[in-house]
Amino acid sequence: MRIEYVPMPPPQTVESIPVYLQNELQRISRFLGGISEVHDSGMFLATSGATMALTDAPATITAYDTIRADEEGLESNKDNGTFTFLSASRYRLNFSANVSAGSTSTLIIGVYINDTLVSGTQHTLNTSGSHYLPISFSTKGTASAGDVVKIKVALDSGTGTLTFDILDVDIEGKSIDV
């Protein structure tokens, strides 16, 4: 999507110039507003203790119970743990959580766009006992209109239960000229 301003043809009469200029200034204003538009959304867990069953297959985190206000261009859905871009954007995703997996295991967590792991976003966390351990990361990237972002987690092997004490994800994007 290329964003550009192209003026309308000028009027042929002098009397029409003020209306023409007013209309063009309004068009320029709308154009600049679209360029400076920032997309921002997030989801978090307001009440600790949410759990999710884990296997060695990556599963989308859906333990969120609160959505921050969505801004233009980005929608979040706490029920299925997704963020959907409504326009092409450069984005920064920030994730943080305190988790406990009970017994000793290794968690694998990553950012997925359209169910494909984003290169360089996979992280591992070795858990032990019932202590909560922190994990946080940030990543930057680009997304096209319609792209769906998810954070998925899995165990390196076997099955288990993941408990969240803190869970927070935030995405901020800015329209791009592609």
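Refer to the structure presented above.
Residues numbered from 1 in each chain as written. Predicted model: local features only at pLDDT ≥ 70, side-chain atom pairs only at ≥ 80, totals over all residues. Heavy atoms only, no water.

Some remarks on the packing of aromatic side chains
Inspection of every chain in the model, using the stated rule, returns two aromatic pairs. With centroids separated by 5.7 Å and ring planes inclined at 40°, the aromatic side chains of Phe 85 and Tyr 91 adopt a geometry described as tilted. We classify Phe 85 as buried; its relative accessible area is 1%. Judged by relative accessible area, which is 5%, Tyr 91 ranks as buried. On the numbers, 5.1 Å between centres and 25° between planes, the contact of Phe 95 with Phe 137 is stacked. Remark: Phe 137 occurs in strand S11 (residues 133-143) and Phe 95 occurs in strand S7 (residues 89-100); sequence separation between them is 42 residues. Just above the ring of Tyr 112 sits the side chain of Lys 152; from NZ or CZ to the centre is 4.9 Å. (Phe/Tyr/Trp six-rings, centres within 6.5 Å; stacked < 30°, edge-to-face > 60°. Buried < 20%, exposed > 50% of the residue type's maximum accessible area, 1.4 Å probe, protein only. Helix = DSSP H or I, 4+ residues; strand = E, 2+ residues; numbered from the N terminus. Lys NZ or Arg CZ within 6 Å of the ring centre and 35° of its normal.)

Describing a nonpolar patch on the surface
A cluster of nonpolar side chains, namely Val 14, Ile 17 and Leu 21, defines an oily patch on the protein surface of about 270 Å² accessible area. The topology assignment puts Leu 21 in helix H1 (residues 17-35). (Patch = residues over 30% accessible without salt bridge, like charges linked within 9 Å, V, L, I, M, F, W, Y side chains within 5 Å. Areas by Shrake-Rupley, 256 points an atom, 1.4 Å probe, with all protein chains shown as cover. Salt bridge = Lys/Arg side-chain N within 4 Å of Asp/Glu carboxyl O.)

Here we look at the pattern of salt bridges
Under the criterion given, the structure shown has five salt bridges. For Glu 24, the salt bridge identified is with Arg 27, shortest N-O distance 3.0 Å. In this pair, Glu 24 and Arg 27 both sit in helix H1, three residues apart, roughly one turn of the helix. One salt bridge in this structure joins Lys 152 and Asp 115, with 2.9 Å as the shortest N-O distance. One end of the pair, Lys 152, is in strand S12 (residues 148-155); the other, Asp 115, is in the loop between strand S8 (105-113) and strand S9 (116-117), and 37 residues separate them in sequence. Lys 152 sits in the buried class, given a relative accessible area of 12%. Among the ionic contacts, a cluster of salt bridges with common partners joins Asp 115, Lys 150 and Lys 152.

These values are about where atoms sit, not about what they do.
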